[in-house]
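# Summary of the model geometry
Letter by letter, the chains look like this.
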Amino acid sequence: MSTTNTNSGTPVPVFEVLDATYRYRDVTALDHLNLTVQAGRRLALLGANGSGKSTLLRILDGLCFPDEGTVRFCGKLLTEESIQNDGFGVDFRRRVGLVFQNPDAQLFSPTVFDEVAFGPLQLRWPPDQVRRKIAETLEMMEITHLKDRSPHHLSMGEKKRVALASVLVLDPEILLLDEPTAALDPRSASHMINFLVRAKGGDRTVVTTTHDLDIIEDIADDCLVFHEGRVEATGTPAQILGDAPLLKTSGLLHSHLHVHKSGEIHTHSHLHRHEH
Amino acid sequence: MPAKRSGTRGFLERSTSSFVDAMEHAFYAEQTARADGLLQRVDPRVKLVGILALVAAAAASRSFAVIAGLLAIAIALAALSHVSFRVLVNRVWVAVLLFTGVIALPAPFVTPGLVIWHLPLLGWDVTEQGLASAGYLVLRVETAATLCVLLVLTTPWNHVLKALRVLRVPAVLVTILGMTYRYLFLVLQSAHDMFESRRSRMIGELTGRERRRVAAASAGVLMSKTFDLSNEVYLAMESRGYRGDISVLDEFQIRNFDWVMLGAFALVSIAAFWLGR
């Protein structure tokens, strides 16, 4: 991953964002952003709420398009017109999958089975292949027992797993995840993190937005720090985690009151760590 | 001012209680749909077609005995499908009687025919034909409603919707109905949370004007939330390949038992049409 243009001779990146600006009326969500995502890499987009991470994911998924600048997918220009093109649009939707932050937006079908079936059916897969692939995906995500359940009866952790399954069923080469561990209890979060850790070294490209610094060393090879729609810094997880002033200015590191065993109460900032 | 106070709390409590009731009804329906009863074992498509045929027979019949016979069959099916008699009485018969009774009420007085009684004080004539006409209407609606409720209580809602495909209902309509049912609960939950949150912070009483303002503001917030959610849902659909046409997967399989039930439904419906013509 880099935030500069690729040099000639390097492989064609899966995504190349050049000078992209996106505005919600008067609010600039992305401000002249440059980004290149190489195949097979796991990229973490870090930033506080409202920093433009989710907007970027939607742009990478062809759901909205920059007001200025360009986005290329495997060298081809990603535009509203190109995504409407049957050949390119269907291929793009099969190869790129987005898991939304709010699973209630993603789980719109009456049952888990119907939800997982939605993508393959829209891409006109044969019914037998759809059934086989659904069974495999439910098994892989350990949610076969939820097959006939309605999404409104599921816990948040289960909803997130079903949302992920509904995208993984298409075997996407590029997976875009919007805050995958947000609002999850520790057990559900660890399930999600295990999945992301297992993606390491594989063929799949994974772009994850998060502000959870505890997990980025496990889920990412490269990091990109967002602040007010601009890229503030790039680097490996170790480099980013080692730069406390950067994390503070980007709203990723905070200070709050702590009570210590001695009974002393004071304010300081620190990273949280989890058990291994 | 106790009256005012009870009015204020009544508004919020009534709303909250309605949401809870709606969820309880849905929960009961889902439970009975999973029970091991006769109708639960029937393929949803067979059940849908069979029950619609019985409803059509009840609507077309001119014989009181035939319609009463169809109602008796519906009650027997309910018993064999573990649907509580009390639920039929409370949720179907009383409600239908109240609703249809109002519509049927003028019939005994305005239908010309043989006068069998004079209403005391008002002196209105009650005719035999009028009473029969009101009786037919109420019995037909009671029978049709009982059969329809049986279908819904013994079949998961998504299966009812998918079974509509057998009647050539477009896939997009089936999907929209499915999504409506899915999000109804989410919006209900959201409204319930809003009212609970308001109740938890309320001290004292609200005037009628304030109550109306709260209701309007809550409706506005809920609508705005629903609009945002619908935008996100559309993007989520588009992200997984939705391009304007919907495809659905039929998972139903007809077994020998379903053929037997289809035959039984057909036999009863044809007999009812024949005897009630």
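None of the values given here were measured: they were computed from a predicted structure.

This next bit is on the overall build of chain B. What chain B contains, in helices and strands, is ten helices and two strands. Counting from the amino terminus, chain B carries its helices and strands in the arrangement α-α-α-α-α-β-β-α-α-α-α-α. A globule of 277 residues ought to have a C-alpha radius of gyration of about 19 Å, yet chain B, at 24 Å, is considerably larger. In terms of principal-axis extent, the alpha carbons of chain B reach across some 60 × 60 × 35 Å. Counting all 277 residues of chain B, 25% fall into the buried class. The long-range share in chain B, meaning contacts at least 24 apart out of those at least 6 apart in sequence, stands at 77%.

We now examine the pairing of strand S6 (residues 96–99) of chain A. All names here are of chain A. Judged by which residues are buried, S6 turns out to be covered on both faces: Val96 and Leu98 on one side and Gly97 and Val99 on the other are all buried. Pairing geometry for S6 and strand S7 (residues 174–178), over four bridges, is parallel. Across the sheet, valine 99 pairs through a bridge with leucine 177, a residue of S7.

In this section: the confidence of the model for chain B. Residue and element names in this part refer to chain B. Overall, the predicted model of chain B reaches an average pLDDT of 84, with 95% of residues at or above 70. In this model, residues 1–8 is a region of pLDDT below 50 whose contacts with residues beyond four sequence positions or in other chains number five contacts. The complex prediction reports pTM at 0.76, with the ipTM value standing at 0.84.

Moving on, we come to the interface of chain B and chain A. Each partner contributes to the interface: chain B provides 23 residues, whereas chain A provides 29 residues. Secondary structure elements with two or more residues in the side of chain B that touches chain A: helix H7 (157–163), helix H8 (171–200) and helix H9 (208–239) of chain B. No other element matches H9 of chain B, which puts eight residues into the side of chain B that touches chain A. Of the residues that constitute the side of chain B that touches chain A, the class distribution is 13 nonpolar, five polar and five charged.

This part is about the nonpolar core. By size, the foremost hydrophobic cluster in this structure holds 75 residues, and its most contacted members are Leu46, Leu176 and Leu224 of chain A. Tallying contributions element by element places helix H7 (residues 156–168) of chain A first for this core, with six residues. Beyond its immediate stretch of four places on either side in the chain, leucine 46 of chain A contacts Thr210, His211, Ile216, Cys223, Leu224, Val225, Phe226, Ile240 and Leu252 of chain A. Core analysis: the next-biggest nonpolar cluster, separate from the first, contains 32 residues, Ala58, Val83, Leu147 and Val174 of chain B among them.

Here we take up the environment of tyrosine 234 of chain B. All names here are of chain B. Along the chain, the position of tyrosine 234 falls in helix H9. Residue class for tyrosine 234 comes out partly exposed when judged on the 14 C-beta atoms lying within 10 Å of it. Separated by 200 residues in sequence, tyrosine 234 and arginine 34 have C-alpha atoms that sit 31 Å apart.

This brings us to the sheet that holds strand S5 (residues 76–77) of chain A. Residues and elements named next belong to chain A. A sheet is described by the order of its strands in space; here four strands give the open sequence S2-S1-S4-S5, paired in antiparallel fashion. A strand with exactly one partner marks an edge of an open sheet, and here the two such strands are strand S2 (27–37) and S5. Of the pairings in the sheet, the one linking strand S1 (residues 15–24) to S2 comprises seven bridges and is antiparallel in character. Note that in S2 the partner of glutamate 16 across the bridge is threonine 36.

Turning to the sheet that holds S6 of chain A, a few remarks are in order. Consider a sheet: its strands pair through backbone hydrogen bonds, and that pairing is either parallel or antiparallel. All names here are of chain A. Strand order across the open sheet formed by six strands is S6-S7-S8-S3-S9-S10, with mixed pairing between neighbours. The two strands at the open ends of the sheet, each matched to only one other strand, are S6 and strand S10 (230–235). Along the sheet, successive strands turn relative to each other by an average axial angle of 15°, direction set aside. Note that strand S3 (residues 42–46) and strand S8 (residues 205–210) share five bridges and pair parallel. By the bridge assignment, leucine 46 is partnered in S8 with threonine 210.

This part is about helix H1 (residues 53–60) of chain A. In an α-helix, one turn spans 3.6 residues; hence positions three or four apart end up facing the same way. All names here are of chain A. The element H1 is largely enclosed, with a buried count of six among its eight residues. For H1, every residue scored as buried is listed here: Lys53, Thr55, Leu56, Leu57, Ile59 and Leu60. A positive phi of about 70° marks glycine 62, the residue just after H1.

With that settled, consider the packing of helix H2 (residues 44–60) of chain B against helix H10 (residues 256–275) of chain B. Between two packed helices, what matters for the description is the angle formed by their axes and the separation of those axes. Residue and element names in this part refer to chain B. Their axes nearest at 9 Å, the elements H2 and H10 cross at an angle of 10°. The orientation of H2 with respect to H10, classified from their angle, is roughly parallel. Along its contact with H2, which presents Val46, Gly50, Ala53, Leu54, Ala57 and Ala60, the element H10 presents Asp258, Met261, Leu262, Phe265, Ala266, Val268, Ser269, Ala272 and Phe273. Of the residues that constitute the contact of H2 with H10, the class distribution is twelve nonpolar, two polar and one charged.

Reading guide: rules and limits
- Residues numbered from 1 in each chain as written.
- Chains lettered and ligands numbered in written order.
- Predicted model: local features only at pLDDT ≥ 70, side-chain atom pairs only at ≥ 80, totals over all residues.
- Helix = DSSP H or I, 4+ residues; strand = E, 2+ residues; numbered from the N terminus.
- Rg over C-alpha atoms; globule rule 2.2 N^0.38 Å.
- Buried ≥ 20, exposed ≤ 12 C-beta atoms within 10 Å, placed from the backbone.
- Contact = placed C-beta atoms within 7 Å.
- Pairing = 2+ DSSP bridges.
- pLDDT = per-residue confidence, 0-100.
- Nonpolar A, V, L, I, M, F, W, Y, C, P; charged D, E, K, R; others polar.
- Core = buried A, V, L, I, M, F, W, Y, C linked by C-beta atoms within 7 Å.
- Axes fitted to C-alpha atoms, helices over the stretch in contact; angles between N-to-C directions.
- Parallel < 35°, antiparallel > 145°, perpendicular 65-115°, else oblique.

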